[in-house]
Each structure stands twice: as C-alpha cells, then as structure tokens.
Amino acid sequence: MVINMAAGASEAELQHVIDRVKECGFQPHVTRGSERAIVAAVGSGGSRAALEALKAAPGVEDVVPIAHPFKLVSRQIRGERTRVDVGGVVIGGEAAVVIAGPCSVESREQILATARAVKAAGASLLRGGAYKPRTSPYDFQGLGLEALKLLREAREETGLPVVTEVMSTQDIELIGEYADMLQVGARNMQNYDLLRQLAKCGKAVLLKRGPSATVKEWLLAAEYLLAGGNGNVVLCERGIKTFETETRNTLDLAAVALARELSHLPVIADPSHGTGRRDLIAPASRAALAIGADGLIIEVHPCPERALSDGAQSLNPEEFARLMQGLTAPLRALAAPLEMRIPVASERLNRRSVYSV
Ligand code: PEP
Ligand code: MN
C-alpha cells in the first residue's frame, strides 16, 4: 500500500504513520518529494485493513494499493524519476548517457586505447569485463584482478567512471574497491543471493534483463536491490531469446518504454548484445533513444576482429565516433511528449499518487 501524506503534513504526523505501518506488520519506505512525502508499506503477513484505516490519520491524504507485485521499484511510489549518480555522472537525468568500452579487458594497451577513444567521442562511462560469464568453459574467462587494476588506471587517466560485471557474491567487495558501478549480467538477473548481497554493497548497480525474463521478473529482480536498501539501480534491456536467428538476441525496445512507465528507475539499452551485429548498432541505438532510453551501453574494441570476446558486435573507435555524432539530443526528446500523453491505465487510476508529489 502507498500512504500519500498531505502537502504540509508535519514531521510528527509522518512519524506516526511510519510507526503505525510497523505496528501493522509492514516495512515503511519513505520517499520525500519536494512538497510531500509518500510512505510505501511493503511486506506480507501484515494487516491491510489496519493500513487502510490510516486514511483517517492526521496528515494523510490517501491510502492506495500498489498495483504491481514490485513495490519500491514501482513508479507509483515516487513522483519523480530516479537519478543514479555514478562517480559524478548522472543516469536518468535530462541527457542520455553513453557507457562504452570493450566486452573484456584484454591488456593494458587495449583498455587504455579504448578508454581514450570513447572519452574523445563523448562517452561518459567506461565498461570492460574482468570476470566474464562465457557460454563455453574453454573460452576466455577474463583477467580478473589484473583487469580491475587496468580499469582503475584507465579511470585515473581519462576520468571516466568504470562499470564492470560481478558474477559471484565472493567478488563483490574486491570489485567494489575498483569499480564505480557493478553490473549484474543477464545470466545472473535471478541470482537472488547475488542481488541480496549487492543490495548492501553501497555501489550503483546496472541490472541487465535476463534473456528469457519477462519485464515483471526483471522489475522484481530490481525489487530485491531496493528492498535490501540499494536504490541506485539502473535497468538495462540487452535483448531476449526469440525464434530469430539472424540476430544474436532480439532487442526488446517496447520493454524499454514499458519499464520506464512501470518504474521510476532509469532504463538503458544495450544494442551490442541486443543485436549481436556491428551493422545494427547504430540504428538500434537511435531507436532506443527515440523510445526513451536513458542511455546506451556499447561495446568498442580497438581491433574487433582480434577481440577475445564479442568481436562481431564490437565497433572500432572510428565507427563509435561516427555513431556518437549521429546520436543527437532531439532523438531522445521525441520520447518525452509521448510519455506525457499516454499514461498507462494503472497510472491513470492512481494519477494522484503518481503526480501529486
Ligand atoms: C557483457 O556486458 O559483456 C555481457 C556479458 O552482457 P550480458 O550479461 O547482457 O550477456
Ligand atoms: Mn559482451
């Protein structure tokens, strides 16, 4: 349930609601907007009737059910979109953010050359895998700690904050020392142990959508992070499994728009894994921004034909620079009026709770 406090409700009235939510057997999560606060009561087993009775409490404007199984992730509990700060770069703000870099960190020369090139072309964050989830155990598995040190060196030289994947709970602490944002790869989207630990790591998390996960399952995976105390979460659509074989995955652009309608979290798109084809990265990037993506994550390699992973979908630095020149601001502006014009049905029903903060 969402308890919308009235504009001008006092701190004492808010505290009373928080205390009552706990007494009713739920956990209170408070969001303070510029004018008023919202208290989300989450959990199971408590008394919903007792919560509804809070309508009569002083300072309470309304008590409404949360329409979806994901609660803290739901757009209903925040009037504003969440902005995630990654080393000073804001994801989810006015400007779309581009994360770029190689699939895997392979050598000092490779990561430094790529970092310099993507920075010069206008990328805001550097990506690079140190611990790689490979389909075959015989394929390159990543340089591990050595790669983390190289990513740190690249950040020190270019100033680009670093995003890298974490596959195992036992690596979280170490990777957290080197990276600004931790990526949960598609294969681990439903690794609930990993999500629970990442909820406590104090770092921003990039949560990729599983190749066979529904949007609801993806948002419920994000709910683990928020419920565990980490609100700095960015969602990433990276393509799903379909019957198509000409592309590696099917980039689900509708899911980008849908996730932004259902959730207040920023949503970015990964046209590299989403298509698996270098020739489709530019059109897919333009389409993702036009549909409202808050940013892109793109694989770039100094020499894609020699890449140890994902060469077929990696751009070389010149191709990336050309792509960046084509990604103009008006593309993303296309999406905004659409979002304002067509609120989804559940939002229309709960318009007050969505827009009243
Ligand atoms: C990657 O980013 O290199 C990667 C392995 O992505 P995904 O988990 O989406 O396959
Ligand atoms: Mn990759």
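Description of the structure in this document. (Residues numbered from 1 in each chain as written. Chains lettered and ligands numbered in written order. Predicted model: local features only at pLDDT ≥ 70, side-chain atom pairs only at ≥ 80, totals over all residues. Heavy atoms only, no water.)

A word on the nonpolar core. Counting residues in each nonpolar core, the largest one holds 72 residues, and the members touching the most others are Leu126, Leu198, Leu207, Leu235, Ile298 and Phe320. Setting aside chain neighbours within four positions, we find Leu235 in contact with Leu207, Trp218, Leu219, Ala222, Ala259, Ser263, Leu265, Pro266, Val267 and Ile268. (Core = buried A, V, L, I, M, F, W, Y, C linked by side-chain atoms within 4.5 Å. Buried < 20%, exposed > 50% of the residue type's maximum accessible area, 1.4 Å probe, protein only. Contact = heavy atoms within 4.5 Å.)

With that settled, consider the site of ligand 1. Every one of the 13 residues lining ligand 1 counts as a neighbour, but Arg127, Lys132, Ala186, Lys208 and Arg238 are closest to it. Contacts to ligand 1 include Ala186, whose backbone N or O atom sits 2.7 Å from an oxygen atom. Between ligand 1 and His273, the relevant distance is 3.2 Å, taken from an oxygen atom to a side-chain nitrogen or oxygen of the residue. Protein chains bury 98% of the 290 Å² of accessible surface belonging to ligand 1 in isolation. Spatially, ligand 1 is embedded in the second largest pocket. For the shell around ligand 1, the class distribution of residues is 3 nonpolar, 3 polar and 7 charged. (Near = heavy atom within 4 Å. Polar contact = N/O pair within 3.5 Å; in protein donor to acceptor, adjacent residues only side chain to side chain. Areas by Shrake-Rupley, 256 points an atom, 1.4 Å probe, with all protein chains shown as cover. 1 Å grid on protein atoms, 1.4 Å probe; cavity = no way out; pocket = protein on both sides within 12 Å on 5 of 7 lines; lining within 4 Å. Sits in = over half its atoms within 2 Å of the grid points. Nonpolar A, V, L, I, M, F, W, Y, C, P; charged D, E, K, R; others polar.)

In this structure, the second largest pocket spans a volume of roughly 230 Å³. Surrounding the second largest pocket, 19 residues form its lining, Pro133, Arg187, Arg248, His273 and Asp310 being those nearest its centre. Looking at the lining of the second largest pocket residue by residue, the classes come out as 3 nonpolar, 6 polar and 10 charged. (Points joined across faces, edges and corners; volume = space filled by probe spheres on them.)

The next point concerns helix 1 (residues 11–23). In this model helix 1 runs 18 Å from its N-terminal to its C-terminal C-alpha over 13 residues, within 8% of the 18 Å that 1.5 Å per residue would give. Three or more residues of helix 1 are buried, namely Leu14, Val17, Ile18 and Val21. Around the axis of helix 1, the buried residues are gathered within 100° of arc, so they sit on the same side. Of the exposed residues in helix 1, those oriented more than 90 degrees away from the buried face are Ala12 and Glu23. In the core, the buried residues of helix 1 are packed alongside strand 1 (2–5), strand 2 (27–32), strand 3 (37–42), helix 2 (48–52) and strand 4 (60–64). (Helix = DSSP H or I, 4+ residues; strand = E, 2+ residues; numbered from the N terminus. Expected span 1.5 Å × (residues − 1). Arc of directions from axis to C-beta.)

This part is about helix 8 (residues 253–262). Among the residues of helix 8, those classed as buried are Ala255, Val256, Ala259, Arg260 and Leu262. Along helix 8, the residues classed as buried sweep out an arc of 170° about the axis, all on the same side.

These results come straight from atomic positions and should not be treated as a statement about function.
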